[in-house]
Amino acid sequence: MWAPLQCLQMTILLSSVARGFFVAPSTTALRRLSRPSDSDFDVHSGALLAPILIPRVPGTPGSLKVLRHFQDFFGNSLPDWSVTTQNSSYTTPLSKGKKIPFVNFVATKDPPWVAPGDVGRLVLVAHYDSKLTPEGFIGATDSAAPCAIILQVARSIDAALTRRWKKLKEEGDEMAMEEERGVMVLLLDGEEAWQSWTDTDSLYGARDLAQHWESQYHAPLSARKTHLANIDLFILLDLLGSAAPKIPSYFPTTHWAYTGFAHLEQQLRAEGLFASHKANPGSWFHEVDKDKGQWYGGMVQDDHVPFMQRGVEVLHIIPSPFPRVWHEMIDDGDHLDMDTVKDWAVLTTAWMVGALGLEDYLESPAPAPGRRGTKTEL
Ligand SMILES: [Zn+2]
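> Honestly, the coordination of the zinc ion in this entry has me stumped. Any pointers?
By definition of the ideal shapes, a tetrahedral metal site with four donors has angles of 109.5 degrees and an octahedral site with six donors has angles of 90 or 180 degrees. Taken together, Asp142 (OD), Glu192 (OE), Glu192 (OE) and His327 (NE2) make up the full set of protein donors to the zinc ion, lying 1.9 to 2.7 Å away. Its four donor atoms give the zinc ion angles of 53 to 141° at the centre, a pattern that matches the irregular case. In the primary structure, the donors to the zinc ion are separated according to the pattern D-x49-E-x134-H. Placement of Asp142 in helix 4 (residues 140-171) and of His327 in the loop between strand 8 (314-317) and helix 9 (338-356) is noted, with a sequence separation of 185 residues between them.

The structure is reproduced here in structure tokens:
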């Protein structure tokens, strides 16, 4: 992403602030959230993270490998999610007239009774491509770690979602069933500029997908007109994995969701469930009390832009300032702060539990480490 005017602030009148649907989980529920394990998050051998820590420029073998990793993950661990890709191709300023393929990865889990035109979804988003230069660039925070965090979150809420939907169906409360939301994981290709950031040399995958979904209509009389309208909240994670991030609240209409993250962060810290707390006790979500005045929304160019331009609600989770390693060769696995990466997975899982009403559907606490049957899922 790119922030030409990071220091500039923009004032937006708080004319219409959307009402949220977040209910904070209890401390008991937070204690039930398992942390990611090293077997998934070790930077050299972790099953979720390590396969993404390779150069993955669009159209190269590395990109294809990472795409297969996502497909294998869902195929093996979350087989009832519906998985697809959305493809496009564009020339870039450096491709000498050759079209480069861009492949967005999309995985969805919806309530089993819902028609495609009637469901609203929480969409967890990160980009999986890496920057062409400097040669060999890994992009651990940009955005390998956010991709792995999202995979971990999806797996962590999967069983609880299934249990909740089974119970709702048994109870037969039609109004509750109608309001139930689904979840989507969206891992986008071609976020990075090939040469230097412009409106046409950046966001290749996101621009094509937003346009495509806007023109995909549901059946007549559906509650949602287009595929784009299925998105209730676009939660974009980017540049995460360095210690002590400072996350601004960018948009007044999604400040309720930001506030949910902020409260959960404080709760997790207070309960000793934030491993990075000792080294960095300062708040990540430090703008919780902001209720009017200056908002940065739209100043940081990122994958949300083509969706935001079409009216989609966005929660942009990106630090300002950017991490020190941003677009440098040292943005690699060895420079990730692993306590912070794992804390992000726990915090985001906790937020999804609150937003999807999963508190009563979590499993009992996982057995102590070292015992057989230790689980990373809830
Ligand atoms: Zn980048």
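> Would you take a moment to explain the sheet that holds strand 8 for this structure?
Backbone hydrogen bonds are what pair the strands of a sheet, in a parallel or an antiparallel way. The strand order across the open sheet built from six strands is 2-3-5-4-6-8, with neighbouring strands paired in mixed fashion. For this open sheet the edge positions go to strand 2 (82-91) and strand 8, each flanked by a neighbour on one side alone. Strand-to-strand twist in this sheet, taken as the mean axis angle between neighbours without regard to direction, amounts to 20°. As defined by bridge partners, strand 3 (residues 99-109) adjoins strand 5 (residues 182-188) across five bridges and the pair is classed as antiparallel. When the sheet's bridge partners are listed, Phe105 is paired in strand 5 with Leu187. Along the sheet face, helix 6 (residues 204-214) touches strand 2, strand 3, strand 5 and strand 6 (231-237) and points at about 115° away from the line of strand 2. Docked against the sheet, helix 9 engages strand 4 (121-127), strand 5, strand 6 and strand 8, running at close to 160° with respect to strand 4.

> Would you explain the pairing of strand 5 in this entry?
Each regular strand displays side chains that alternate between the two surfaces of the sheet. Burial runs high along strand 5: seven of the seven residues are buried. Burial along strand 5 is two-sided: the face carrying Gly182, Met184, Leu186 and Leu188 and the face carrying Val183, Val185 and Leu187 are both buried. Pairing of strand 4 with strand 5 involves seven bridges; the strand directions are parallel. What sits directly across from His127, in strand 5, is Leu188.

> What should I look at first to understand the nonpolar core in this one?
The nonpolar side chains of a soluble globular protein tend to be buried, and buried together. With 76 residues, the main nonpolar core has Leu187, Phe285, Ile317, Trp351 and Met352 as its most contacted residues. Among the elements that take part in this core, helix 4 stands out by supplying 15 residues, more than any other. Other than its neighbours up to four places away in sequence, Trp351 contacts Phe22, Leu122, Leu233, Ile235, Trp256, Ala257, Gly260, Phe261 and Leu264. In terms of nonpolar packing, the next biggest core, distinct from the first, is built from 28 residues, Phe234, Leu236, Phe251 and Ile318 among them.

> I'm lost on the pattern of salt bridges in this one. Help?
Applying the stated criterion to the full structure yields 16 salt bridges. Arg310 is paired through a salt bridge with Glu214; the nearest N and O atoms lie 2.9 Å apart. Of this pair, Arg310 sits in the loop between helix 8 (305-308) and strand 8 while Glu214 is found in helix 6, placing the two residues 96 residues apart along the sequence. Given a relative accessible area of 28%, Arg310 falls into the partly exposed group.

Cut-offs and rules
Residues numbered from 1 in each chain as written. Predicted model: local features only at pLDDT ≥ 70, side-chain atom pairs only at ≥ 80, totals over all residues. Heavy atoms only, no water. Donors = N, O, S within 2.8 Å, 3.2 Å for Na, K, Ca; no water. Tetrahedral: all angles 85-135°; square planar, octahedral: opposite > 155°, others 65-115°. Helix = DSSP H or I, 4+ residues; strand = E, 2+ residues; numbered from the N terminus. Pairing = 2+ DSSP bridges. Axes fitted to C-alpha atoms, helices over the stretch in contact; angles between N-to-C directions. Contact = heavy atoms within 4.5 Å. Buried < 20%, exposed > 50% of the residue type's maximum accessible area, 1.4 Å probe, protein only. Core = buried A, V, L, I, M, F, W, Y, C linked by side-chain atoms within 4.5 Å. Salt bridge = Lys/Arg side-chain N within 4 Å of Asp/Glu carboxyl O.

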